[in-house]
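Coordinate analysis (summary)
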Amino acid sequence: MKVLVVGSGGREHALCWKLSQSPQVDRLYCAPGNAGIAEVAECVPIGVGELDKLADFAAEQKIDLTVAGPEAPLCAGLTDVFAARGLLVFGPDRQAAQLEGSKDFAKQFMLRHQIPTARAATFTELEPALAYARSEFAAGRPVVVKADGLAAGKGVLVAGTAAEAEAFLRQCFDGAFGEAGIKVLLEERLEGEEASMLALTDGRTIVPLVSSQDHKRAWDGDAGPNTGGMGAYSPAPVVTPEIMARIEREILQPFLRGIQEEKLNFRGVIFVGIMVTSDGPRVLEFNVRFGDPEIQPVLRRFEGDLCEVMYRTATGALRAEDLTWSEEPAVSVVIASGGYPGSYGRDYPISGLAEAAATGAVVFHAGTARKNGVVVNAGGRVLGVSARGRNIREAIANAYRAVDCIHFTDCFARRDIGHRALAREPQRD
């Protein structure tokens, strides 16, 4: 089987790493890929937004399955373009991808299908939005401000004060996020602990993957600016068996019924950002692709044939028994460029990659390139260092042992990835 993965980050490296292990995969391509992906797949110089070129390549090479990594090409209609050429894609079509591409679309979908979520109001003009935010804070109800469309992870603010909410609203309506900010949601701020749930669906059935938890803030102690994710681990102890049963009953099954009733063409993965509150799980957001870095520890625990599972999902033949998992926890720690998520330097040589791999860890490349035969940093999040262990404490120690092997100018990593799991799970021998 010939497989094409679209994307160039840590998520795509993790997918290529696991797909390359499948006995069914004869040729594996990635467009455009990165320095790490090039070790397990043939990189193709086509951008993720060049949908027609991607379809041309898939047709010419007789690709059997294309896996869409990031959300942008899905929201732009990659699956539709490919389907018109008779090409198979793991990922929803443009209409279904609005579950991530429009927060208002997703919120209205949740309300229609009684999926538990935060109370919210949608605005298309500044003054009514400002008045609503002021009234909510005056009543002691803090809000989260969300630009409706895709804003590269920067269109959300958990507002601490009415003034912060007002300033962010003005940014949205002043065009700071382009078309993404034309419409804005003001959402109640839920209290609790976040977790990430990934589930595969072929439109007929839905099968959850193991739970995980991301660390969004840049610095230790969950301080600093929001990022695309500084590390993740699986499983997330906050997702107890009871909570997992409620997620399946109250969120995943209603989601499946919803896409069926609304005839949404969704064959791929739904990423559910969840807040575990005192009243149970509540949906923060839907994403229509694998989370990054969450997919890294999740795939470290996956013991099945990823190609088989994805092909079955894309062709409407998904089976729960296709998913098998290691009991060992896994942790992924992101090494980032100094200054991220703000401006940062590039093209710094990276040392210690072989030494890190020798510890037993897997190093996923997120923002790297190869220049003059040397791997250099080429993005904000540069590497995801992933390790397993007999328990969460050992997995964390193994990951940081590998992290400490790697260096490039101004690099940094959080040193407390997995701290919530440590607080919940005592050390076991």
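Above this note sits the structure.
Here, residues in each chain are numbered from 1, in the same order as that chain's written sequence. Side-chain atom pairs in this predicted model are given and counted only at pLDDT of 80 or more, local residue features only at pLDDT of at least 70, and totals for whole chains, interfaces and linings cover all residues. Remark: hydrogens and water are excluded; side-chain values derive from all non-hydrogen atoms of the structure.

**Structural notes on the sheet that holds strand β4 (residues 65–68)**
If you trace the five strands from one edge of the open sheet to the other, you get β3-β2-β1-β4-β5, paired in parallel fashion. The outermost strands of the open sheet, each flanked by one partner alone, are β3 (42–43) and β5 (89–90). By this definition, two strands are paired if DSSP reports at least two bridges between them. Think of it this way: any DSSP run of H or I at least four residues long counts as a helix, any run of E at least two long counts as a strand, and we number them from the N terminus. Direction of pairing for strand β1 (residues 2–7) relative to β4: parallel, over a ladder of four bridges. Its bridge partner being in β4, Leu 4 is matched across the sheet by Thr 66. The contact definition used throughout considers only heavy atoms, calling two residues in contact when any of these lie within 4.5 Å. Here the axes come from fitting lines to C-alpha atoms, over the contacting stretch only for helices, and the angles between their N-to-C directions go from 0 to 180 degrees. Along the sheet, helix α1 (residues 10–19) contacts β1, β2 (27–32) and β4; its crossing angle with β1, the most-contacted strand, is approximately 165°. Across the sheet, helix α11 (residues 306–314) touches β1, β4 and β5, and the angle it forms with β4 is around 95°.

**Quick word on the sheet that holds strand β10 (residues 193–201)**
The sheet built from four strands is open, its strands ordered β11-β10-β16-β17 with antiparallel pairing. The strands lining the two open edges of the sheet, one partner per strand, are β11 (206–208) and β17 (280–287). Across the sheet, the mean angle separating the axes of adjacent strands is 35° when strand polarity is ignored. As judged from the three bridges shared by β10 and β11, these two strands associate in the antiparallel manner.

**Section: the pairing of β10**
Burial of β10 is extensive: eight of the nine residues sit out of reach of the surface. Where β10 lies against strand β16 (residues 268–277), nine bridges are found, and the strand directions are antiparallel. Looking at β16, one finds that Met 197 is bridged to Val 272. What sits between the antiparallel neighbours β10 and β11 is a turn of four residues, in which Gly 203 has the positive phi angle 90°. Accessibility here uses a 1.4 Å probe with only protein chains present; expressed as a share of the type maximum, an area under 20% marks a residue as buried, one over 50% as exposed, and anything in between as partly exposed.

**Side note on the side chain of Thr 277**
Looking at the secondary structure, you find Thr 277 in strand β16. The class of Thr 277 is buried, set by a relative accessible area of 14%. Two N or O atoms form a polar contact when they lie within 3.5 Å of each other; inside protein one atom must be a possible hydrogen donor and the other a possible acceptor, and for residues adjacent in sequence the pair counts only when both atoms belong to side chains. Here Gly 280 takes part through its backbone oxygen, which lies 2.7 Å from a polar atom of the side chain of Thr 277. Dropping the residues within four chain positions of it, Thr 277 is found in contact with Leu 190, Glu 191 and Arg 282.

**A few points about the nonpolar core**
Among the nonpolar cores identified, the biggest contains 51 residues, and Leu 99, Phe 255, Val 272 and Phe 286 are the most heavily contacted of them. Looking at this core, the element that brings in the most residues is helix α9 (residues 241–261), giving eight residues. When residues no more than four places from it in sequence are discounted, the contact partners of Phe 286 are Leu 99, Glu 100, Ala 106, Phe 109, Met 110, Ile 115, Phe 255, Ile 270, Phe 271 and Val 272. Formed by 37 residues, the second largest nonpolar core is a distinct cluster that contains Leu 15, Leu 19, Leu 200 and Val 362. Side-chain atoms within 4.5 Å are what join buried Ala, Val, Leu, Ile, Met, Phe, Trp, Tyr and Cys residues into a set we call a nonpolar core.

**Structural notes on the environment of Gly 379**
Residue position: Gly 379 is located in the loop between β21 (374–377) and β22 (381–388). Among all residues touching Gly 379, those that are not within four sequence positions of it are Ser 337, Tyr 344, Arg 346 and Gly 367.

**Some remarks on helix α8 (residues 162–173)**
By definition here, a helix of n residues has an expected span of 1.5 Å times n minus one. Taking 1.5 Å of rise per residue, the twelve residues of α8 would be expected to cover 16 Å, and the 16 Å separating its terminal C-alpha atoms lies within 8% of that figure. Structurally, α8 contributes buried residues whose contacts are with α7 (126–138), β7 (143–147), β8 (156–158) and β9 (184–188).

**Describing the packing of α7 against α8**
Each packed pair of helices is defined by two parameters, the angle between the axes and the distance between the axes. Packing of α7 against α8 brings their axes to within 10 Å, and their N-to-C directions diverge by 165°. Put simply, α7 runs roughly antiparallel to α8. Judged by the sense of rotation from one axis to the other, the crossing of α7 with α8 is right-handed. The segment α7 lies against α8, with Leu 126, Ala 129, Leu 130, Ala 133, Arg 134 and Phe 137 engaging Ala 162, Ala 165, Glu 166, Leu 169, Arg 170 and Phe 173. Roughly parallel refers to an angle under 35 degrees, roughly antiparallel to one over 145, roughly perpendicular to one between 65 and 115, and oblique to any angle outside these ranges. In this scheme the handedness of a crossing depends on how the near helix is turned from the far one: anticlockwise by less than a right angle means left-handed, clockwise means right-handed.

**A closer look at the packing of aromatic side chains**
Aromatic rings considered in pairs are described by the distance between their centres and by the relative angle of their planes. Only Phe, Tyr and Trp rings are paired, with Trp represented by its six-membered ring, and only when their centres lie within 6.5 Å; those with planes under 30 degrees apart are stacked, over 60 edge-to-face, the remainder tilted. All told, the structure shown has ten aromatic pairs when counted by the stated rule. Consider the rings of Phe 109 and Phe 286, whose centres lie 6.4 Å apart with planes at 75°: the pair is edge-to-face. Taken together, the residues span a long stretch of sequence, with Phe 109 in helix α6 (residues 103–112) and Phe 286 in strand β17 at a distance of 177 residues. For Phe 286, a relative accessible area of 3% corresponds to the buried category. Joined through ring pairs, the aromatic side chains of Phe 109, Phe 255, Phe 266 and Phe 286 make up one cluster. Any Lys NZ or Arg CZ that is within 6 Å of a ring centre and within 35 degrees of that ring's normal is treated as a charge sitting over the ring. For the cation-ring pair, Arg 289 lies above Phe 271, with the distance from its terminal atom to the ring centre recorded as 5.8 Å.

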